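# Fold and geometry: a report
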Protein chains: 2
Amino acid sequence: MQIVLLGTAAGGGSPQWNCNCSVCASVRAHAAGTVFRTQSSVAISADGHNWFLLNASPDLRGQLERFAPLHPGKATKRDSRIEGVLLTNADLDHTLGLLLMREGGRIPVHATSKVRDALVHAISIGPVLEAFCGVKWIRPPRRLSPLRRRDGTESGLLYQVVGLRGKPPRFAPGAKTFSPGHSIGFRIQDQRTGGRLLFLPDVAGIEPPLIKSMSDCDVLLFDGTFWSEDEMRKSGVGQATAAAMGHWPMAGPNGSLKLLATLPVRHKVYVHLNNTNPVLLENSAEHRAVRRAGVTIGRDGMKLKI
Amino acid sequence: MQIVLLGTAAGGGSPQWNCNCSVCASVRAHAAGTVFRTQSSVAISADGHNWFLLNASPDLRGQLERFAPLHPGKATKRDSRIEGVLLTNADLDHTLGLLLMREGGRIPVHATSKVRDALVHAISIGPVLEAFCGVKWIRPPRRLSPLRRRDGTESGLLYQVVGLRGKPPRFAPGAKTFSPGHSIGFRIQDQRTGGRLLFLPDVAGIEPPLIKSMSDCDVLLFDGTFWSEDEMRKSGVGQATAAAMGHWPMAGPNGSLKLLATLPVRHKVYVHLNNTNPVLLENSAEHRAVRRAGVTIGRDGMKLKI
């Protein structure tokens, strides 16, 4: 399986258009040890020809242009190598990219019924797309099953939902209430190589059954939104805590880094990094702590093969 | 008045993610005489500090980062120099950028009641933004009036609606029926210098009262979507005609180029160029014809001062 990190920042990207926090200011000034990051999305493929997106970010247009294997094939005037989009939730930074695919064919969107409801009723992405390409909604399976191409043939990848505690997106009813189905992860396996990817960009906190299964992969792409619980306040840009925003911070005795450090997984990578996260500065103590723990901080364009 | 073309392509940008037409293929291959273009948006300012956007494109995030005067001021942690967004219609390539401004303060959006209706009811951009920053809807005036900053003070610019024949966006009810208010232009004047901008990125066809007033400006930014009426078909990417899509093509005895060539206007610039338009290739006969007529083909980053 080929895995390409198209974008590695959380909502707003890094830097964020209106943010002067110390991290955004450093990135915008091209300080040493910083890079620009677009919003979180991943492309995966078993054969290098047919690709699936894991979330569709608002930065999708540039992401597709920068990664040549996702350029349209040349057999027809209009073409796409994207065989489907798998959504972990209905957040804008994961779903607005669907609207940028409106000029193509009907989009196969793999989403839970709750995510679909949010995209059809709370924000009218579903109905709007019907005036263009349309959407083929697909309920992702609970058990490892073939991930199919547009034409129904097998892609060479198997996939299944990883259930998580999550909330509806901020623009939907009940946005502060955690319940199952609003936010999920995906487990994906290459049928030929056996390579296993665990994609968990939105993890609200420690979940014992999840932790148990987290070693069971070769690549772990994990929620790297916040370094600390009160990062927004400390950065001077807001009051919301990491917990209130549905993200498990990295730092501290109960942080995700301590757990990730112990996992016997070949590639452990933080993705969905918020623009306030000090790990984005390569000369920060926080960045060094992550690297010392054997965990990689995702960068746009990073490629993995399993 | 400072005028900056943030983006100069029509919906999809150039190249478009799924398009292999000869123009997109050349641009994607970085052929000589081609440049990448993001989707159409313009920034204007009387003082170089406080800016207004003319349409908010899906590429807004990158456009703001690439133009330093639109970076946030450094006095506060979160800031923006954007004092409002003026919309010519509710098309996705003109409005999705509003969602990318959700992390900031309430957005002053200057739009007709029909454009507002489309953004609130046909696509829920309005309601979704209410869960974040909110929108302050402002009805743009029929007579030249002060364009005000967020705090109510005058910006140094005057503005007024230019009425046009237009249609609702494709995703809204009655999308094929032309009637007033769905698509407008703007006339903008600098109070100090007297410099006059006429912004007309969506012109469905020849309108005699409009033509009469088109000479009455120093900068004319004009609909450059299509070269010819049947360009989509000739490019092999669709059947819709320019007229059906609400755009007046450049070519031919009744085309916009013939008219623009005659206008005694200092800067005549085509914007909102569709990715199929052969004028995007600088070595094309069409490109040369436009230049020979004294008209400029807009490029991202182009600056004008009047």
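Before reading on, note that the structure itself is shown above.
Here goes a summary of the coordinates provided.

All names here are of chain A. Here helix H9 (residues 285-292) has its buried residues at His287, Ala289 and Val290. One side of H9 holds all its buried residues, which, seen down the axis, span an arc of 160°. Opposite the buried face of H9, at more than 90 degrees from it, the exposed residues are Arg291 and Arg292. Here the buried face of H9 lies against helix H8 (256-262), strand E12 (267-271) and strand E13 (296-297). A positive phi of about 80° marks Gly294, the residue just after H9.

So, on to the interface of chain B and chain A. Taken together, the contact between chain B and chain A spans 54 residues of the former and 54 residues of the latter. Of all residues in chain B, the largest losses of buried area upon contact with chain A belong to Trp17(B), Arg61(B) and Arg78(B), amounting jointly to 21% of the total for that side. Seen at the junction of chain B and chain A, the total is four salt bridges. Here Arg61(A) makes a salt bridge to Asp59(B), at a shortest N to O gap of 3.3 Å. At the surface where chain B touches chain A, the tally comes to 27 residue pairs in polar contact (both at pLDDT 80 or more). The leading source of residues in the side of chain B that touches chain A is helix H2 (residues 60-66) of chain B, at three residues. When grouped by side-chain class, the residues that make up the side of chain B that touches chain A number 21 nonpolar, 20 polar and 13 charged.

Okay, the pattern of salt bridges next. This model, assessed by the stated rule, comprises 22 salt bridges over all chains. Across the pair Arg28(B) and Glu65(A) runs a salt bridge, and its minimum N-O distance is 3.1 Å. Taken together, the positions of Arg28(B) in helix H1 (residues 22-28) and Glu65(A) in helix H2 (residues 60-66) put the pair across two chains. For the pair formed by Arg28(B) and Glu65(A), the shared burial category is buried. Among the salt bridges present, the one from Glu282(B) reaches Arg299(B), with a minimum N-O distance of 2.8 Å. Placement of the pair is Glu282(B) in the loop between strand E12 (267-271) and helix H9 (285-292) and Arg299(B) in the loop between strand E13 (296-297) and strand E14 (303-305), with a sequence separation of 17 residues. A residue is classified by how much of its surface remains accessible, and Glu282(B), at 30% relative accessible area, is partly exposed. Members of the salt-bridge network, linked through shared partners, are Arg187(A), Arg196(A), Asp216(A) and Asp218(A).

Take the relation of the copies chain B and chain A next. Rotating chain B by 180° about the axis while translating it 0.0 Å along that axis superimposes it on chain A, leaving an RMSD of 0.0 Å. One copy is carried onto the other by what is essentially a two-fold rotation axis. Every residue of chain B has its C-alpha some distance from the rotation axis, and the shortest such distance is that of Ser124(B), at 2.9 Å. Of all interface residues in chain B, 100% are interface residues in chain A too; the two copies therefore contact each other through one and the same surface.

Okay, the packing of aromatic side chains next. According to the stated counting rule, one finds eight aromatic pairs over all chains in the structure shown. Taken together, a centroid distance of 5.9 Å and an interplanar angle of 70° make the contact between Phe222(A) and Trp248(A) edge-to-face. Separated by 26 residues along the polypeptide, Phe222(A) in strand E11 (residues 219-223) and Trp248(A) in the loop between helix H7 (231-234) and H8 bring together distant segments of the chain. Owing to a relative accessible area of 5%, Trp248(A) belongs among the buried residues under this scheme. For the pair Trp51(B) and Phe67(B), a centre-to-centre distance of 5.2 Å together with 90° between the ring planes defines the contact as edge-to-face. In this pair, Trp51(B) is assigned in strand E3 (residues 51-54) and Phe67(B) in the loop between H2 and strand E4 (82-86), connecting sequence segments 16 residues apart. The exposure classification of Trp51(B) matches that of Phe67(B), with both residues buried. For Arg165(B), the ring lying beneath its charged end belongs to Phe178(B), and the centroid distance is 4.2 Å.

On to the pairing of strand E9 (residues 179-190) of chain A, then. Residues and elements named next belong to chain A. Burial runs high along E9: nine of the 12 residues are buried. In this sheet, E9 lies alongside strand E8 (residues 154-166) in antiparallel orientation, the contact comprising nine bridges. Paired with Val162 across the two strands is Gly185, which belongs to E9. One ladder, built from four bridges, connects E9 with strand E10 (residues 196-200); its direction is antiparallel. Residue pairing in the sheet places Gln189 in a bridge with Arg196 of E10. Between the end of E9 and the start of E10, which pair antiparallel, lie five residues, with Gly194 showing a positive phi angle near 80°.

What counts, and at which threshold
Residues numbered from 1 in each chain as written. Chains lettered and ligands numbered in written order. Predicted model: local features only at pLDDT ≥ 70, side-chain atom pairs only at ≥ 80, totals over all residues. Heavy atoms only, no water. Buried < 20%, exposed > 50% of the residue type's maximum accessible area, 1.4 Å probe, protein only. Helix = DSSP H or I, 4+ residues; strand = E, 2+ residues; numbered from the N terminus. Arc of directions from axis to C-beta. Contact = heavy atoms within 4.5 Å. Buried area = accessible area lost by both parts, 1.4 Å probe. Salt bridge = Lys/Arg side-chain N within 4 Å of Asp/Glu carboxyl O. Polar contact = N/O pair within 3.5 Å; in protein donor to acceptor, adjacent residues only side chain to side chain. Nonpolar A, V, L, I, M, F, W, Y, C, P; charged D, E, K, R; others polar. Least-squares fit on C-alpha atoms with pLDDT ≥ 70 in both. Phe/Tyr/Trp six-rings, centres within 6.5 Å; stacked < 30°, edge-to-face > 60°. Lys NZ or Arg CZ within 6 Å of the ring centre and 35° of its normal. Pairing = 2+ DSSP bridges.

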